[in-house]
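# Residue-level structural notes
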Amino acid sequence: MPLVFEAYNWNHGVYVGATMSSELTAAQYGKLGIIRHDPMAMMPFCGYNMGDYFQHWLDMGRKINDPPKIFHVNWFRKDSDGNFIWPGFGENIRVLDWIIRRAKGSADAVETPLGLVPIANELNLEGLNLESYALKELFDIYPHQWIDEIAENRKFFNQFAPKLPQELLLENEAMLKRF
Amino acid sequence: MMKNRELLNWVNQMEKMCRPDRVVWIDGSQEQKEKLEKEAEAAGEIIRLNQEKWPGCFYHRTAVNDVARTEHLTYICTRKEVDAGSNNNWMAPEDAYRKASGYFDGSMKGRTMYVIPFMMGPPGSPFSKIGVELTDSIYVVLNMLIMTRVNAEVVEELNHVEDFTRGLHSKADLDDQKRLILHFPEDNTIWSVGSGYGGNVLLGKKCLSLRIASYLGRQEGWLAEHMLIMGIEDPHGNIDYIAAAFPSACGKTNLAMLIPPEIYRAQGYKIWTVGDDIAWIRIGDDGRLWATNPENGFFGVAPGTNSHSNPNALTTIRSNTIFTNVLLTDDQGVWWEDGEGEPPAEGTAWDGKRWKHGLVDDKGKKYRELIQIHDLLRLFPSAPLHPKSGITPGACLSLPLYSGGVVHL
């Protein structure tokens, strides 16, 4: 997952949220270190069928004038030595800054199969000690891993059939085509 | 004086089932809160920390078998199984009521049943929902007084509402074989029995504000989301709001309370924390999305909270905070893994056992790693809370944001 990307539109944003995953944490009763799907971070908290929940999100998007842009961030990318590349914490405002400028139409982005990412120099890195190769690593996309991930997400969605909205399967297919 | 007949009847029925020695109505007053603190202290349920170093702070331990949300014992009890979905455990409502009634039956004998009328969301806002939690735990009462709005206005409003969320909680005998967290969205009801731990028992939080609220949101056309809300103020004084969903332990609270680096501060950037866990999102009259934080306090994980990761939180928790399951130091202070400064030489751990720096348990683990897993602390809202968090209709939302905690891609 790159440091940040912007979904192409509301439905794509709902897909991005619906395919979130995480490691199990201490606040949950279970083993640490297991990756699990956690759509919109709501898997343990959605009080009804997740398929209906996805549909509700899609429906909401149709009712909003000019739906807000949806973004995905990942502060946790590691280098080959296992160190976090992005400094995180207070420095995360640099990513939020780009996001807000995108929302206002004053920052440029470039298309990738995942979504829109900042073009060079759009992310304010002034005063950060970040090597250019590290910046590149923060935005690297590995197609072979993503093709597996797309198939895996499709499998994950299947458990919510027949309530799963068709739109999410279309987003899944569209993403595969972009690779 | 409560006049809502529906509420009085329900409290009466629950009292007959749980059979407490007495029933006490919580009014949100400072006098009552101080009285309860003293009672809980006398009963050994909480420990008053060193008041010079930690003014207004208390320490609590949960039972050793009761240190996490128990998702495998958490159920959505809708009439039709398909409405709960494969993302939830499901039990038929009549089976769930029958099974839990067996555990609640006489569970409050020798104890007090507290009636907590509370509001999630700001008063007078179309966002807000009203609930009542019955509990036999003073710890729950003291937490609810921080995390939700409990006051005379809420009591008064209860006289005029037909529907409210009915929450029933009993520690019972804290038996993990008789523990259930049951949600009845079609009845606007939550029953929690056999636990004394955070998310299982503070029924206004995950139970009402996410599980029940997400169900109501679908019926009523809004969203209850596991999201922080923050405002980013630029040098011209414009504030843009972001709501963001992060999986647990991925830095949601830290992001919500972010302090910008010098280069941004010097330009005049400021961060406003509206909420760190839950966002209720509606479409406003202007057709845009508006969000509010239904909670009135912060509840966060202690390990890793230090002056680098979250200086605002660290400042906030120096007073009026309830600490749960962290290390209790011998001078009545607290410490946690990756906290501030050097670890103390010794203290008393979350399980009540003596702890020494470098101690190894019988499984060969460093003992302090065990503490790390179970620590929770509660934060009182005096951090840079945005004034809009308390008024209607909330913050106008620019952008939902998602993050995975994934490192494998």
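All figures in this text were calculated on a predicted structure; none of them were measured in a lab.

### Observations regarding the domain arrangement of chain B
Entries for chain B in the domain assignment read domain 1 (5–46 + 70–221), domain 2 (225–296 + 385–402) and domain 3 (301–380). Taken over C-alpha atoms, the centre of domain 1 of chain B sits 29 Å from the centre of domain 3 of chain B.

### Quick word on the pattern of salt bridges
All names here are of chain B. With the rule as written, the count across this model stands at 33 salt bridges over all chains. As a salt-bridge pair, E220 and K129 come within 3.1 Å of each other at their nearest N and O atoms. Here E220 is found in helix α8 (residues 204–220), whereas its partner K129 is found in strand β7 (residues 129–135), with 91 residues between them in sequence. E220 sits in the partly exposed class, given a relative accessible area of 41%. With its nearest N and O atoms 2.9 Å apart, the salt bridge here joins K252 to D277. With K252 in helix α9 (residues 252–256) and D277 in the loop between β14 (270–275) and β15 (279–283), this pair connects stretches of sequence that are 25 residues apart. Taken together, the salt bridges that share partners define one network made up of K205, K206, K252, D277 and E295.

### Examining the side chain of B:R179
Along the chain, B:R179 turns up in the loop between β8 (165–170) and β9 (180–184). A distance of 3.0 Å separates a polar side-chain atom of B:R179 from the backbone oxygen of B:N65.

### Digging into α8(B)
All names here are of chain B. Its 17 residues place the ends of α8 only 19 Å apart at the C-alpha level, less than the 24 Å of an ideal helix rising 1.5 Å per residue. For α8, the principal kink sits at A213 and spans about 45°. Among the 17 residues of α8, 14 are classified as buried, and the element is accordingly described as predominantly covered. Once α8 ends, the next one or two residues include G221, with phi positive near 85°.

### What to know about the sheet that holds strand β19 (residues 327–329) of chain B
Read across the open sheet, the four strands follow the order β20-β19-β21-β22 (chain B); overall the sheet is antiparallel. Each edge of the open sheet carries a strand with a single partner, namely β20 (334–335) and β22 (354–356) of chain B.

### Points about the sheet that holds strand β5 (residues 89–90) of chain B
Residues and elements named next belong to chain B. Ordered by their spatial adjacency, eight strands build an open sheet running β1-β6-β7-β8-β10-β9-β4-β5, and the pairing between neighbours is mixed. Of all the strands in the sheet, the pair left with one neighbour each is β1 (22–25) and β5. By the bridge criterion, seven bridges tie strand β6 (residues 112–120) to β7 in an arrangement that is antiparallel. The residue bridging Y114 from the neighbouring strand is T135, located in β7.

### Brief notes about the interface of chain B and chain A
Listed per partner, the contact involves 70 residues of chain B and 67 residues of chain A. The junction of chain B with chain A conceals about 6,200 Å² of combined surface from both sides, 64% of it contributed by carbon and sulfur atoms. Linking chain B with chain A are three salt bridges, by the criterion used here. For A:D52, the salt bridge goes to B:R218, with nearest N and O atoms at 3.8 Å. Scanning the region where chain B abuts chain A turns up 20 residue pairs in polar contact (both at pLDDT 80 or more). Looking at the side of chain B that touches chain A element by element, the count peaks at seven residues for α8(B).

### Looking at the packing of aromatic side chains
For the structure on display, the rule yields 22 aromatic pairs over all chains. Seen from their ring centres, A:F71 and A:W98 are 5.9 Å apart, and the 80° between their planes marks the pair as edge-to-face. In this pair, A:F71 sits in strand β4 (residues 71–73) while A:W98 sits in helix α3 (residues 93–103), placing the two residues 27 residues apart along the sequence. By relative accessible area, which is 1% here, A:F71 ends up buried. A relative accessible area of 0% places A:W98 in the buried class. Centre to centre, the rings of A:W75 and B:F246 are 6.4 Å apart; their planes meet at 35°, and the pair counts as tilted. One end of the pair, A:W75, is in the loop between β4 and α3; the other, B:F246, is in the loop between β13 (239–245) and α9, on a second chain. Each member of the pair, A:W75 as well as B:F246, carries the same accessibility label: buried. An aromatic cluster is present here, built from A:Y15, A:Y48, A:Y53, A:F54, A:F156, A:F157 and A:F160 joined pairwise through their rings. Residue placement shows B:K206 over the ring face of A:F45; its charged tip is 4.6 Å from the ring centre.

What counts, and where the lines are drawn
Residues numbered from 1 in each chain as written. Chains lettered and ligands numbered in written order. Predicted model: local features only at pLDDT ≥ 70, side-chain atom pairs only at ≥ 80, totals over all residues. Heavy atoms only, no water. Domains from an automatic or database assignment. Salt bridge = Lys/Arg side-chain N within 4 Å of Asp/Glu carboxyl O. Helix = DSSP H or I, 4+ residues; strand = E, 2+ residues; numbered from the N terminus. Buried < 20%, exposed > 50% of the residue type's maximum accessible area, 1.4 Å probe, protein only. Polar contact = N/O pair within 3.5 Å; in protein donor to acceptor, adjacent residues only side chain to side chain. Expected span 1.5 Å × (residues − 1). Bend = angle between axes of the 7 residues up to and from the residue. Pairing = 2+ DSSP bridges. Contact = heavy atoms within 4.5 Å. Buried area = accessible area lost by both parts, 1.4 Å probe. Phe/Tyr/Trp six-rings, centres within 6.5 Å; stacked < 30°, edge-to-face > 60°. Lys NZ or Arg CZ within 6 Å of the ring centre and 35° of its normal.

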